[in-house]
Amino acid sequence: QVQLVESGGGLVQAGGSLRLSCAASGRSFSPYAWGWFRQAPGKEREFGAFIGWSGRIEYADSVKGRFTISRENAKNTVYLQMNSLKPEDTAVYFCAARRNTVVGAIKGADLYNYWGQGTQVAVSS
């Protein structure tokens, strides 16, 4: 049974940093692609960052230059380092995984097979 478990969320002041982790278990994740998404109250889930099996990385414009996605294959863990946080970054953050079968970044939430339960990030002004 595949499980993705996010951690690292919390409350932080604007300008602060958080590091989210997503630990995966239950199968081999080679070759898998990973995404971080977020969902604010009353809004749709939106793409934040992508890392493919080959190492390709892409970000949403809203987080580019502030967030960094990375992974440790040996630990089946993906990270999202979030710096210079803004109140508009407040949301539940989800990690997602799918087999990396396409060239290019995978940004659609409906294209991912596995999801974590989410971790809350709140940024105060």
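Quick look at the structure, then.

## Observations regarding the nonpolar core
The nonpolar side chains of a soluble globular protein tend to be buried with one another.
Next, step 1: Residues Trp-34, Trp-36, Ile-69, Leu-80, Met-82 and Tyr-93 are the most contacted members of the largest nonpolar core, which totals 35 residues.
Next, step 2: Within the residue set of this core, elements represented by two or more residues are β3 (18–25), β4 (32–39), β5 (46–51), β7 (67–72), β8 (77–82), β9 (91–99) and β11 (119–124).

## Focus on the environment of Lys-64
Next, step 1: With respect to the element layout, Lys-64 can be found in the loop between β6 (57–59) and β7.
Next, step 2: Residues Lys-64 and Gly-48 lie 16 residues apart in sequence; the distance between their C-alpha atoms is 8.8 Å.
Next, step 3: Among the polar contacts made by the side chain of Lys-64, one reaches the side chain of Asp-61 at a distance of 3.1 Å.

## Quick notes on the pairing of β11
Next, step 1: Only one face of β11 is covered, namely the face carrying Thr-119, Val-121 and Val-123; the face carrying Gln-120, Ala-122 and Ser-124 is uncovered.
Next, step 2: Here four bridges tie strand β2 (residues 10–13) to β11, and the two strands are oriented parallel to one another. When the sheet's bridge partners are listed, Val-12 is paired in β11 with Val-123.

## Brief notes about the side chain of Asp-89
Next, step 1: Summarising the element assignment, Asp-89 is placed in the loop between β8 and β9.
Next, step 2: Engagement of the side chain of Asp-89 in a polar contact is seen with the backbone nitrogen of Lys-86, the distance being 2.8 Å.
Next, step 3: Not counting the four nearest positions on each side in its chain, Asp-89 is found in contact with Arg-38, Arg-66, Phe-67, Ser-84, Val-121 and Val-123.

Definitions and cut-offs
Residue positions are given per chain, counted from 1 along the sequence in the order it is written. The predicted origin of the model limits local features to residues at a pLDDT of at least 70 and limits the giving and counting of side-chain atom pairs to 80 or more, whereas totals for whole chains, interfaces and linings rest on all residues. Working from all heavy atoms in the structure, the side-chain values ignore hydrogens and water. Working definition of a nonpolar core: buried Ala, Val, Leu, Ile, Met, Phe, Trp, Tyr and Cys residues. They are joined through side-chain atoms within 4.5 Å. Per-residue accessibility, obtained with a 1.4 Å probe over protein chains only, is compared with the maximum for each type, and a residue is labelled buried under 20%, exposed over 50%, and partly exposed between these values. In this text, helices come from DSSP runs of H or I with a minimum length of four residues, and strands from runs of E with a minimum of two, each type numbered from the N-terminal end. Under the rule applied, a polar contact is a pair of N or O atoms within 3.5 Å (in protein, one hydrogen donor and one hydrogen acceptor; residues adjacent in sequence only if both atoms are side-chain atoms). Should DSSP find at least two bridges between two strands, the strands are regarded as paired. In what follows, a contact means two residues having at least one pair of non-hydrogen atoms within 4.5 Å.

As far as function goes, none of this settles anything; it's purely spatial.
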